[in-house]
Amino acid sequence: MLKRFWLWLGRLIGKLVFFFAVVGMLGWGAGEAYYAWKFSGPVSSEEQIPPNEAALTRAIIEDTVRVVEQHRDNTRVLRDAHAKAHGCVKGEVQVLDDLAAELRQGVFSEPGKTWQAWVRLSNGNAYPQFDSARDARGMAVKLLDVPGEKLMPGAAHAGEQDFVMFNHPVFFVSDVAEYRSNFAAQADGKKVLAFFPSWDPRTWEIRHLIIALKTLAPAPETPVATTYNSIAPYKLGPLNVKYRVVPAPQNCPPYQLPEQNTELPNFLRNALYQQLSLDRAPACFELQVQTQNPQYYMPIEDTSVQWSEKISPFQTVARITLPPQDFDSREQNLFCDNLSFNPWHALPEHRPIGGINRLRKAVYEAVSAYRHERNAAPQAQAPASSGL
Ligand code: HEM
């Protein structure tokens, strides 16, 4: 009797597994077919600005400033994103000697030129949590003494060209409208539900939820061992590009970081300190660009879509070196906190494009101004490179 029962149960489980495997395969196939249809080119190579974007942007700024105040540390108002720095370090960005003629634009116009820079490495969260927590990791690069009129007028950032990135290739929302609804839901404490705004399955953003979950990744061994992506697109003279910074240990003398204690809350700062300050070993990266081919699905207005590297591979335009240095002083950490990075601190040749970048212009400026005012701190002016 018992034997027959077990055989029956075994057959039932087998059939159920088979059923769910078939349903899963069909769902996966349907999803692939849907996205192959939805994500097919050609696309526009121009920006397309929805009429309600300005109003949505104003609403997002209000929400953001409110959230910054909620995140307030006991003493200081921190950034609304990427609040915790592993350090602000000095860097050198050298344009390739043999850069292709069409890529010689803006700060890359002079082959061989070396720019001095500040590089801020960070965790993505608005709270300064333990480095072992799953999170995105940020890199912001500020080139100094860059001549020429910038996109944001004002003396404070007149000589700066910023590149602002994190270590995932896509963003968890497509555009400003979705950012508004998702951010508002998250501010109300909805995490996963933020991706399911209504009962209507057509509004469900399962692909974006998966991106959000993947973005919150375990920490790299050190902040110099992960790839940082612009995610959003930019002009490069007449071209549309995305850029990224990839580790390039092959450009540096061989170095092995001793194993770090990842239980320590700030082990990413410790790793940076170990390499640059104790072992006096430089860290090397390459700055690369990927050009848009509008014949394929490489949209300007959707940051949740990765541009195919098969169709348009990344090309190196410059080498970045973080030389051996002492960076972990009270003064430099405070200076770092008071720095402001903004993709719009830029030459017109590097103009940020697409909805998410247009949104960032106003939001970064507002949050930076707010935290500086609340901290009674002057905008840290990145000194001319002679003062580095
Ligand atoms: C392409 C997508 C994005 C990337 C790659 C990115 C990356 C970063 C990074 C690396 C930082 C830290 C900069 C630093 O070290 O000071 C930062 C700061 C910040 N981000 Fe983003 N971000 C993106 C999208 C957004 C969006 C859509 C918003 C909100 C509308 C936003 C709001 C902020 C704010 C408020 C700060 C702090 C600004 C300050 O106080 O100076 N970011 N972001």
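As a starting point, this report considers the structure included with it. Owing to the predicted nature of the structure, the values given are computational and were not obtained by experimental measurement.

A lone protein donor contacts the iron atom of the ligand, and this donor is Tyr364 (OH), found at 2.0 Å. Mapped onto the elements of the fold, Tyr364 is located in helix α7 (residues 355-374).

Turning next to helix α5 (residues 267-278). Of all the 12 residues making up α5, nine are buried; the element is thus mostly covered by neighbouring parts of the structure. Listed as buried for α5 are Phe267, Leu268, Arg269, Ala271, Leu272, Gln274, Gln275, Leu276 and Ser277. Of the surrounding elements, those touching the buried residues of α5 are β1 (85-95), β2 (114-123), β3 (137-143), β8 (283-291), β9 (315-322) and α6 (330-338). Phi turns positive one or two residues past the end of α5, at Arg280, with a value near 50°.

Cis geometry is adopted by the peptide bond preceding Pro42, which originates at Gly41 and carries an omega value of -5°. Checked against the element boundaries, Pro42 lands in the loop between α1 (2-38) and α2 (53-70). The phi angle at Asp145 is positive, at roughly 60°, despite the residue not being glycine. With respect to the helices and strands, the residue Asp145 is situated in the loop between β3 and β4 (161-166). Residue Asp145 is classed as partly exposed on the basis of its relative accessible area of 39%.

Bringing the state of the cysteines into the picture now. Taken as a whole and assessed by the stated rule, the structure comprises two disulfides. Note that Cys88 is cross-linked by a disulfide to Cys336, the S-S spacing being 2.0 Å. Since a negative S-S torsion denotes a left-handed disulfide, the Cys88-Cys336 link at about 70° is right-handed. A residue pair is termed long-range when its members are at least 10 positions apart, and Cys88 in strand β1 and Cys336 in helix α6 qualify at 248 residues. The pair formed by Cys88 and Cys336 is uniform in burial state, with each residue classed as buried. Disulfide partner of Cys252: Cys284, at an S-S distance of 2.0 Å. Taking the sign of the torsion about the S-S bond as the criterion, the disulfide between Cys252 and Cys284, at about 80°, is right-handed. Here Cys252 is found in the loop between β7 (239-247) and α5, whereas its partner Cys284 is found in strand β8, with 32 residues between them in sequence. Within the protein chain, bonded cysteines paired by disulfides and numbered along the sequence follow the pattern 1-4, 2-3.

What follows deals with the site of the ligand. As a structural note, the neighbourhood of the ligand is formed by 24 residues, with Arg79, Arg120, Arg360, Tyr364 and Arg371 the closest of them. One of the side-chain N or O atoms of Arg371 is found 2.6 Å from an oxygen atom in the ligand. Residue assignment for the shell around the ligand shows that the elements contributing at least two residues are β3, β4 and α7. Top contributing element to the shell around the ligand by residue count: α7, with eight residues.

Our next topic: the nonpolar core. Residues Phe108, Met139, Val141, Leu143 and Leu322 are the most contacted members of the largest nonpolar core, which totals 37 residues. Grouped together as the second largest cluster of nonpolar side chains are 26 residues, Leu56, Val77, Leu209 and Ala212 included.

This paragraph deals with the side chain of Lys142. Its place among the elements puts Lys142 in strand β3. One polar contact links Lys142 to Glu160, side chain to side chain, over a distance of 2.6 Å.

For the rest of this paragraph, the subject is α2. The terminal C-alpha atoms of α2 lie 26 Å apart, and with 18 residues this matches the ideal 26 Å at 1.5 Å per residue to within 8%. Listed in full, the buried residues belonging to α2 are Glu53, Leu56, Thr57, Ala59, Ile60, Ile61, Asp63, Thr64, Val67 and Val68. Those residues of α2 that are buried are in contact with α3 (176-187) and α7.

Glancing now at the packing of α2 against α7. As a packed pair, α2 and α7 sit with axes 10 Å apart at the nearest point and diverge in direction by 35°. Classified by chirality, the crossing of α7 by α2 is right-handed. The segment α2 lies against α7, with Glu53, Thr57, Ile60, Ile61, Thr64, Val65, Val68 and Glu69 engaging Gly355, Arg358, Leu359, Ala362, Val363, Ala366, Val367, Tyr370 and Arg374. Partitioning the contact of α2 with α7 into residue classes produces 10 nonpolar, three polar and four charged.

This part takes up the environment of Arg351. Here Arg351 is to be found in the loop between α6 and α7. By relative accessible area, Arg351 is classed as partly exposed at 34%. Along the backbone, Arg351 and Tyr234 are 117 residues apart, and their C-alpha atoms lie at a distance of 5.6 Å. Setting aside chain neighbours within four positions, we find Arg351 in contact with Glu47, Leu151, Tyr234, Lys235 and Trp344.

Positionally, Trp28 belongs in helix α1. A C-alpha to C-alpha distance of 36 Å links Trp28 and Phe130, two positions 102 residues apart in sequence.

A few words on the pairing of β1. Among the 11 residues in β1, eight count as buried, and that is most of the element. Pairing analysis gives four bridges linking β1 to β9, with the strands arranged antiparallel. When the bridges of β9 are listed, Glu92 appears paired with Thr321.

Rules and cut-offs
Residues numbered from 1 in each chain as written. Predicted model: local features only at pLDDT ≥ 70, side-chain atom pairs only at ≥ 80, totals over all residues. Heavy atoms only, no water. Donors = N, O, S within 2.8 Å, 3.2 Å for Na, K, Ca; no water. Helix = DSSP H or I, 4+ residues; strand = E, 2+ residues; numbered from the N terminus. Buried < 20%, exposed > 50% of the residue type's maximum accessible area, 1.4 Å probe, protein only. Contact = heavy atoms within 4.5 Å. Disulfide = S-S within 2.5 Å. Near = heavy atom within 4 Å. Polar contact = N/O pair within 3.5 Å; in protein donor to acceptor, adjacent residues only side chain to side chain. Core = buried A, V, L, I, M, F, W, Y, C linked by side-chain atoms within 4.5 Å. Expected span 1.5 Å × (residues − 1). Axes fitted to C-alpha atoms, helices over the stretch in contact; angles between N-to-C directions. Left-handed = near helix turned anticlockwise from the far one by under 90°. Nonpolar A, V, L, I, M, F, W, Y, C, P; charged D, E, K, R; others polar. Pairing = 2+ DSSP bridges.

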